[in-house]
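One-letter residues, chain by chain:
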Amino acid sequence: MTTPPSTPDLPGQDFSGDVAAYYEEFRRGYPPPVLDALRSTFALDADPTAGDAALDLGCGTGQLTLPLAAHVRTVIGMDPTPDMLSRARAAAARHGVRNGLWLLGSDTDVPALADLLPARLALTVIGNAIHWMRHEELFRALRPITRPGGGVAVIANGTPVWAQQSDWSRALHTVLEEHFGHPLAVSCGTADADRERYAGALAAAGFTDVRQSTVDYEGELTFEQLLGTVWSAVPASALPAPADREAFAARLRAALPPGRAVYPEHVRVSILTGRV
């Protein structure tokens, strides 16, 4: 697989060790209107005996898997990084989520799910992970294992912190380029052109009623949250040693607009859906 745009645009998809810890602590969650949109679009059923199954592909540490569990009978979290899955499973236990199934795997393993599922999927959700996947092949593989009325939701959970239209984001972008030594690829699947490409691929795979909706809200980040979000997006092979992270933090703090305790951001969650 060729490397899609990512934070430092470095090869690899290894978000293990400290990166998984940063991911669990600092990645944005999903506001309730996002879950409401998924439930209504796909008529999700949480009946404990006859309800739906949903797949969170590229689930990470469970930011979307855990709230989705309340709306279906069974939720499957699948991720290629064992450390991500172990943290998601532990978070499920802490929050009393007992209808989760955790599988080690990636988009190329989806065809094998057909032999494991007791029924077709009501929903496959992909939150901030589609840029790591062969999306055209994935959508074609999902179509036959999705129930009528069900479908796929490709979610972009806001613009990356280094690509926003604010003075602090531009300063962060500059520091990151200096640190990694080359221009950043900033999209991570969130740009308008990316969303149009995924929409076309959904339609080509046989999904209908392809549409995009948005959920907007205002947020703010402390310096610690801003820094943790950056490290959560860096493959483990590129994560600096702890002492070097401290030096990076000092350079970043010096580059950011002075006198601020928080850094405001407008978050737009884009929900691209296609149905069977």
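Everything below is about the structure printed above this text.
Cut-offs used in this document
- Residues numbered from 1 in each chain as written.
- Predicted model: local features only at pLDDT ≥ 70, side-chain atom pairs only at ≥ 80, totals over all residues.
- Heavy atoms only, no water.
- Helix = DSSP H or I, 4+ residues; strand = E, 2+ residues; numbered from the N terminus.
- Polar contact = N/O pair within 3.5 Å; in protein donor to acceptor, adjacent residues only side chain to side chain.
- Buried < 20%, exposed > 50% of the residue type's maximum accessible area, 1.4 Å probe, protein only.
- Pairing = 2+ DSSP bridges.
- Right-handed = clockwise from strand over helix to strand, strands pointing away.
- Axes fitted to C-alpha atoms, helices over the stretch in contact; angles between N-to-C directions.
- Contact = heavy atoms within 4.5 Å.
- Left-handed = near helix turned anticlockwise from the far one by under 90°.
- Nonpolar A, V, L, I, M, F, W, Y, C, P; charged D, E, K, R; others polar.
- Parallel < 35°, antiparallel > 145°, perpendicular 65-115°, else oblique.
- Phe/Tyr/Trp six-rings, centres within 6.5 Å; stacked < 30°, edge-to-face > 60°.
- Lys NZ or Arg CZ within 6 Å of the ring centre and 35° of its normal.

**Some words on the side chain of H131**
Part 1 of the reasoning: Tracing the sequence through the fold places H131 in the loop between β4 (121-127) and α5 (135-142).
Part 2 of the reasoning: Only 3.3 Å separates the side chain of H131 from the side chain of W132, close enough to count as a polar contact.

**Considerations on the pairing of β4**
Part 1 of the reasoning: Burial analysis of β4 places seven of its seven residues in the buried class, the great majority of the element.
Part 2 of the reasoning: As judged from the three bridges shared by strand β1 (residues 53-57) and β4, these two strands associate in the parallel manner. Each residue of the ladder has a partner; that of D56, found in β4, is V125.
Part 3 of the reasoning: With α5 bridging β4 and the parallel strand β5 (residues 146-157), this β-α-β connection has right-handed handedness.

**Overview of the sheet that holds β1**
Part 1 of the reasoning: Judged by pairing direction, the sheet is mixed, and its seven strands sit side by side in the order β3-β2-β1-β4-β5-β7-β6 without closing on themselves. The sheet terminates laterally at β3 (100-104) and β6 (208-222), the two strands that pair on one side only. Taking the axes of each pair of neighbouring strands and ignoring which way they run, one obtains an average angle of 20 degrees across the sheet.
Part 2 of the reasoning: Relative to strand β7 (residues 262-275), β6 runs antiparallel, the two sharing 13 bridges. Residue Y217 lies in a different strand from β7, and its bridge partner there is V267.
Part 3 of the reasoning: Across the sheet, helix α2 (residues 32-42) is in contact with β4, β5, β6 and β7; its angle to β5 comes to roughly 160 degrees.
Part 4 of the reasoning: Most of the contacts of helix α8 (residues 223-232) go to β6, to which it runs at about 135 degrees, and overall it touches β6 and β7.

**Looking at the packing of α5 against helix α7 (residues 192-204)**
Part 1 of the reasoning: Relative orientation of the contacting elements α5 and α7 amounts to 35 degrees, with a least axis distance of 9 Å. As for how α5 packs across α7, the hand of that crossing is right-handed. Counted together, H135, E136 and F139 of α5 and R197, Y198, A201 and L202 of α7 form the full contact between these two elements.
Part 2 of the reasoning: For the contact of α5 with α7, the per-class residue count stands at four nonpolar, one polar and two charged.

**What to know about the environment of A114**
Part 1 of the reasoning: Inspection of the secondary structure assignment puts A114 in the loop between β3 and β4.
Part 2 of the reasoning: Given the relative accessible area of 41%, A114 is considered partly exposed.
Part 3 of the reasoning: Along the primary structure A114 and L184 are separated by 70 residues, whereas in three dimensions their C-alpha atoms are 38 Å apart.

**Description of the packing of α8 against helix α9 (residues 242-255)**
Part 1 of the reasoning: Interhelical geometry of α8 versus α9 gives an angle of 125 degrees and a closest axis separation of 11 Å. Here α8 lies oblique to α9, going by the angle between them. α8 and α9 meet at a crossing whose hand is right-handed. For the pair α8 and α9, contact is made by F223, L227 and W231 and by R245, F248, A249, L252 and R253, respectively.
Part 2 of the reasoning: Here the residues of the contact of α8 with α9 are counted per class, giving six nonpolar, no polar and two charged.

**Considering the packing of aromatic side chains**
Part 1 of the reasoning: By the definition in use, this model includes four aromatic pairs.
Part 2 of the reasoning: Geometrically, the ring pair formed by F15 and W132 is edge-to-face, given 5.7 Å between the ring centres and 70 degrees between the ring planes. Of this pair, F15 sits in the segment before α1 (18-26) while W132 sits in the loop between β4 and α5, and the two are 117 residues apart along the sequence.
Part 3 of the reasoning: For W132, a relative accessible area of 8% corresponds to the buried category.
Part 4 of the reasoning: Looking at R253, its charged tip hangs above the ring of F223, at a distance of 3.9 Å from the centre.

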